[in-house]
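Examining the three-dimensional arrangement
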Amino acid sequence: MTFDPESITSGHTLIQRLDEYNPWWSTGKNELSSDGFSSLRQVFHQLYSSIHDDEQRLLALAGPDSSGKSLLLNQLISAHIDPDFVEKFFRIESQREAAHENLVPASNVLYVPLRDDPLFQLRPEEQLRSAVDHFGTHVLRKHKSDTHYLFFDDLHLVERPNKRGNIDVGRWEQLLAELLANHDGRHIVFSGLSSAHSRERLETIEVSKRAESPPEPVNIYPLGFADFLRIRYRDIALAPGEERFDETTIRESLRRNVDTEAASHLVSTIQEQEIASVIDPSTTRREIANYCTTGGIISLQIASRGVRLDDEQFSDVIRRRGDSVLESVQQQSLDHLRNGLLRAAANLGGIKDASGLERLCALASHTRPTDDVLFDDLTAALDVDRRTLRDKYLGTLSQLHLLSAAPEYDNQRPRKIRIYMRDPGITNAFCRNDLNDVLRRQPGLDEELAKAVAFDHTVRLSNEFNHRLDPKRGVVKFWSGTKGSVDFVLKIDGKPIPILWSYNRSVDELRRSIDTPDFDALCDLLTGDAHKTERDRIDELKFNDVDDNFAAKRREYVQREEYSGQLGNDETAVFDGEPPFGMVLTNSRNAVDEGVSVVEVESKPVIQLPLWTYLRLSS
């Protein structure tokens, strides 16, 4: 056989595989889109709305390996070619009618999985261009409109850094701009690893004449608790709107209460939604243990093995009854994690020792620290310097939503942080834990996992609530007072919301107790002056520097009249506004009956929020 590099780099092999990757060209349906699921994730509807309601021609999904990006792409494909899929999953009549109008012939959709063969990463721009040309010439059908869709899965894999860590192969943004410019009816949806990385690329191109700014990549987190619960209980999705727990209504009420600094409307809204919910608080509370066993990544892997999450078999699997499905899924997930970290180390962080990322994840999984960790102890255990730990390890893992650090509030020279594995399923995979371990075999494990889940969902809330230019977006800190500590400080529009973790005690139990240093710390932070000296840097995002253009846009944003934070005199950082209220997050049995409630601390409200309600507020 004669070696012919042109036949490889011109996309010859990729074009030969297109029929395999796009079976709907012959069958008209995508059989991979809904297996194991009775309901779609909330983010699916956000993505679909971005394409059609917001008229975005270029849409980016960003998240770690195994977070469900490929599944979402397949579901989006089905939503555009399969009437049966639309009938099954678009349950609101007006949305269903609109989705039927948006259907196109199956031959108008191209899907390219760039992970499938490393050969596709050789001269990737030429190969992708050739594949699209073949699609347009030999497959695309003229319909009542010439609207069509290109789906590129794992587009980040076409990039290859040079020895200095800079990308000099596979700069895909210009190719996407060219493909969009060539056809007015063309839409492109692609997936990648990091929203920050994708955003930087998209800012360099004109994606639409109508767009005032580049589209913000959509974060695809591992399956969250709300989606997990919705998939576990089909009744949630099938219930009429007035009988369904509406997370969106509560989020809107929470934002309104941040502005008005009053808690009464939020409390009444949550109470109304709890009454309307078809799943009672006791059941929702019980499901926290199931979610803390599998998290999002392991849950999706179990579903891919043919075990429906809403089936009784799921409980047997996560208790490790019968065959070893859980054990094999945990091992497979760790293998995927390892391979993903190797790629991410080069593409995102320029890390020479990529295995250090995995070692940090393993360390956090086995030790599960729930309180402060000294920087010096971490650097000694990992045998790295503080800058490598902070900028490389924590920065990269945070971008991947795998492990994140909570910095200390109101301390610009901290000696300690708190670290959390974001997905409890990965934590349990490292430690070989199952549901029995979580429920009873390992005392305290349930709380440690639940606290990490609460931190993860608080970060998600921060990203959902805050504008992409807000320097406080995605920032969740902890505060050390003179008496105790406050576990999470969420920031919304520049205002801090101190949140106390109280796993086994409700607010009433705390107030009846004599010694409650952490509740006292919550009160001190709520009524004190710590927010006046707390600051978040303009030129930094998740331990990584941002470019001057993005920093300038941030400066402009935080000076808007409606923003509560204050830009410092040197314009390098933004100070917090005053905290409007505090929260106590509890998983107490007493709270099943009490639900959400509010008490006053020196004229400022403290809201008791059950953990099972709080975890449903983020996607």
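One can find the structure itself at the top, above this paragraph.
Residues numbered from 1 in each chain as written. Predicted model: local features only at pLDDT ≥ 70, side-chain atom pairs only at ≥ 80, totals over all residues. Heavy atoms only, no water.

Some remarks on the environment of Ser398
The topology assignment puts Ser398 in helix 21 (residues 386-399). The exposure class assigned to Ser398 is buried, which follows from its relative accessible area of 7%. For the pair Ser398 and Met421, spaced 23 residues apart in sequence, the C-alpha separation works out to 9.8 Å. Not counting residues up to four positions away in its chain, the partners in contact with Ser398 are Leu403, Ser404, Arg422 and Lys542. (Helix = DSSP H or I, 4+ residues; strand = E, 2+ residues; numbered from the N terminus. Buried < 20%, exposed > 50% of the residue type's maximum accessible area, 1.4 Å probe, protein only. Contact = heavy atoms within 4.5 Å.)

Comments concerning the packing of helix 2 (residues 12-21) against helix 8 (residues 124-138)
Two elements in contact, helix 2 and helix 8, have axes separated by 9 Å at closest approach and are oriented at 45°. Regarding the angle of helix 2 to helix 8, the classification is oblique. Viewed along their axes, helix 2 and helix 8 form a crossing whose handedness is right-handed. Side by side, helix 2 and helix 8 meet where Leu14, Ile15 and Leu18 of the first sit next to Gln127, Ser130, Ala131 and His134 of the second. Among the residues forming the contact of helix 2 with helix 8, the class breakdown is four nonpolar, three polar and no charged. (Axes fitted to C-alpha atoms, helices over the stretch in contact; angles between N-to-C directions. Parallel < 35°, antiparallel > 145°, perpendicular 65-115°, else oblique. Left-handed = near helix turned anticlockwise from the far one by under 90°. Nonpolar A, V, L, I, M, F, W, Y, C, P; charged D, E, K, R; others polar.)

Quick notes on helix 11 (residues 225-232)
Of all the eight residues making up helix 11, eight are buried; the element is thus mostly covered by neighbouring parts of the structure. The set of residues buried in helix 11 consists of Phe225, Ala226, Asp227, Phe228, Leu229, Arg230, Ile231 and Arg232.

Focus on the nonpolar core
Across soluble globular proteins, nonpolar side chains have a tendency to be buried as a group. If you look at the biggest cluster of nonpolar residues, it comprises 66 residues, and the most contacted ones within it are Ile302 and Leu611. For this core, the element with the most residues is helix 24 (residues 445-465), which contributes ten residues. With residues up to four places along the chain from it excluded, the contact list for Leu611 reads Ile288, Ala450, Ala454, Trp501, Tyr503, Leu585, Thr586 and Asn587. Listed in part, the 60 residues of the second largest apolar core include Leu18, Leu72, Leu76 and Phe85. (Core = buried A, V, L, I, M, F, W, Y, C linked by side-chain atoms within 4.5 Å.)

Quick notes on helix 20 (residues 375-382)
Of the residues making up helix 20, those classed as buried are Phe375, Leu378, Thr379 and Leu382. In a view along the axis of helix 20, the buried residues occupy a sector of 95°, so they form one face of it. Seen from the buried face of helix 20, the exposed residues on the opposite side, beyond 90 degrees, are Asp376, Ala380 and Ala381. Backbone geometry just after helix 20 places Asp383 at a positive phi near 60°. (Arc of directions from axis to C-beta.)

Quick word on the side chain of Ser191
Assignment of secondary structure puts Ser191 in strand 6 (residues 186-192). A distance of 2.6 Å separates a polar atom in the side chain of Ser191 from a polar atom in the side chain of Asp153. Residues contacting Ser191, with those up to four places away along its chain left out, are Leu61, Lys69, Leu73, Phe152, Asp153, Asp154, Leu155 and His156. (Polar contact = N/O pair within 3.5 Å; in protein donor to acceptor, adjacent residues only side chain to side chain.)

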